[in-house]
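Single-letter residue listing:
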Amino acid sequence: MRTTGKRSLTWDILQPGSIGLFAALVLLWILVALGPEWESFGLRAAARLAGYGAFVAMLVPYLHILRRCFRYRQGPPMTAWLRWHIAAAYLAFLLVIVHSRGRANSPLTLALVWLTWIVMISGVVGFYGQKLLYSFLPRMVAREFGLERLEPQRVFMLQAAEELVRKKELAESPDVIRGFCGAAVQGCLARPLTFWSWVWHPQAEPEALSENWYQRTRSYADAKQQPILDDLWGLVELRRSMDLEYRLHQLGRLWLLVHGPAAWALLVLMIEHVALSMWYGGF
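Since the structure is predicted, the reported quantities are computational estimates derived from the model, not experimental observations. (Residues numbered from 1 in each chain as written. Predicted model: local features only at pLDDT ≥ 70, side-chain atom pairs only at ≥ 80, totals over all residues. Heavy atoms only, no water.)

Draft legend 1. Examining the environment of Val-125 more closely. Tracing the backbone through its elements, the reader meets Val-125 in helix 4 (residues 107-140). Separated by 130 residues in the primary sequence, Val-125 and Trp-255 have C-alpha atoms spaced 7.6 Å apart. (Helix = DSSP H or I, 4+ residues; strand = E, 2+ residues; numbered from the N terminus.)

Draft legend 2. Spatial organisation of unusual backbone geometry. A positive phi angle is found at Arg-101, which is not glycine, with a value near 55°. Structurally, Arg-101 can be placed in the loop between helix 3 (78-100) and helix 4.

Draft legend 3. Molecular detail of a nonpolar patch on the surface. Among the surface-exposed residues, Leu-110, Trp-114, Ile-118, Trp-196, Leu-257 and Val-258 lie close enough to one another that they form a single nonpolar patch of about 620 Å² accessible area. Among the elements of the structure, helix 4 and helix 10 (256-281) are those that each provide at least two residues to the nonpolar patch. The residue Ile-118 is located in helix 4 in this model. On the basis of relative accessible area, Ile-118 is assigned to the partly exposed category, the value being 35%. (Patch = residues over 30% accessible without salt bridge, like charges linked within 9 Å, V, L, I, M, F, W, Y side chains within 5 Å. Areas by Shrake-Rupley, 256 points an atom, 1.4 Å probe, with all protein chains shown as cover. Salt bridge = Lys/Arg side-chain N within 4 Å of Asp/Glu carboxyl O. Buried < 20%, exposed > 50% of the residue type's maximum accessible area, 1.4 Å probe, protein only.)

Draft legend 4. Main features of helix 2 (residues 41-68). Between its first and last C-alpha, helix 2 extends 42 Å over 28 residues, near the 40 Å set by a 1.5 Å rise per residue. Within helix 2 the residues assigned to the buried category are Ala-47, Ala-50, Gly-51, Tyr-52, Ala-54, Phe-55, Ala-57, Met-58, Pro-61, Tyr-62, His-64 and Arg-67. (Expected span 1.5 Å × (residues − 1).)

Draft legend 5. Broad picture of the pattern of salt bridges. This structure, assessed with the given rule, holds 8 salt bridges. Here Asp-175 makes a salt bridge to Arg-178, at a shortest N to O gap of 2.2 Å. Taken together, the residues Asp-175 and Arg-178, both in helix 6 (residues 175-189) and 3 residues apart, mark about one turn of the helix. Assessed through its relative accessible area of 59%, Asp-175 is described here as exposed. Here Asp-243 and Arg-191 are joined by a salt bridge, their closest N and O atoms 3.6 Å apart. In this pair, Asp-243 is assigned in helix 9 (residues 225-251) and Arg-191 in the loop between helix 6 and helix 7 (196-200), connecting sequence segments 52 residues apart. For Asp-243, a relative accessible area of 5% puts it in the buried group. Residue classification places Arg-191 among the partly exposed positions, given a relative accessible area of 22%.

See the structure below:
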């Protein structure tokens, strides 16, 4: 029986090369802004209609945001929604260029232009920057878990470490071994995954968790204790890799701190702009 493989998209807006569309739109904005004013009735009518088209196109990304709140319900896959999000944003940006002619003639339209640029630039930098970051992530961490699995894995590793240090083989161990075990559990594995506290108040690991200290501790252990210390040290090294992965994931989401508030502010001003335009200028 002959099987036919899935058709692959010859061009996908989610691919990094699609950033060229944004570069082309930026160039078009500059050319239109530097060009002559649109005086003819036909061009002004087209600019006005383009504004309504931009408003409709800009609603698609907000529908995508709402859809994410119900991602487990049946419907188009989230990758399809993301494609529509980006394509609609580029289309809206193009229509905004036509609508505004690359200019602003009032405080409201100036705010709209600035917010449009902030939303577009933060979205482009965030989306493509996140793709670049995640392409390097497997090379930077020893074992990749994914953001959602990091906290359950941390709890699992902490429980495993606590079971190791309670083994009878360590009951009569020297102080240096007990100190290393305490530092591994409390100074490393029990700490929560953090980003902001690490940025503002970085805390160095205990000296007992250095490679040299581990080797020194191991030299005090007997043949039964050494495998336990090796397992504990393996958990410490894996936790360090998890810390790096968690911080990289959070770093890849920082753009949302700009993109999100700016997008919601843009929506409010867009609604106000459309309402005022229809009230005072007609459809």
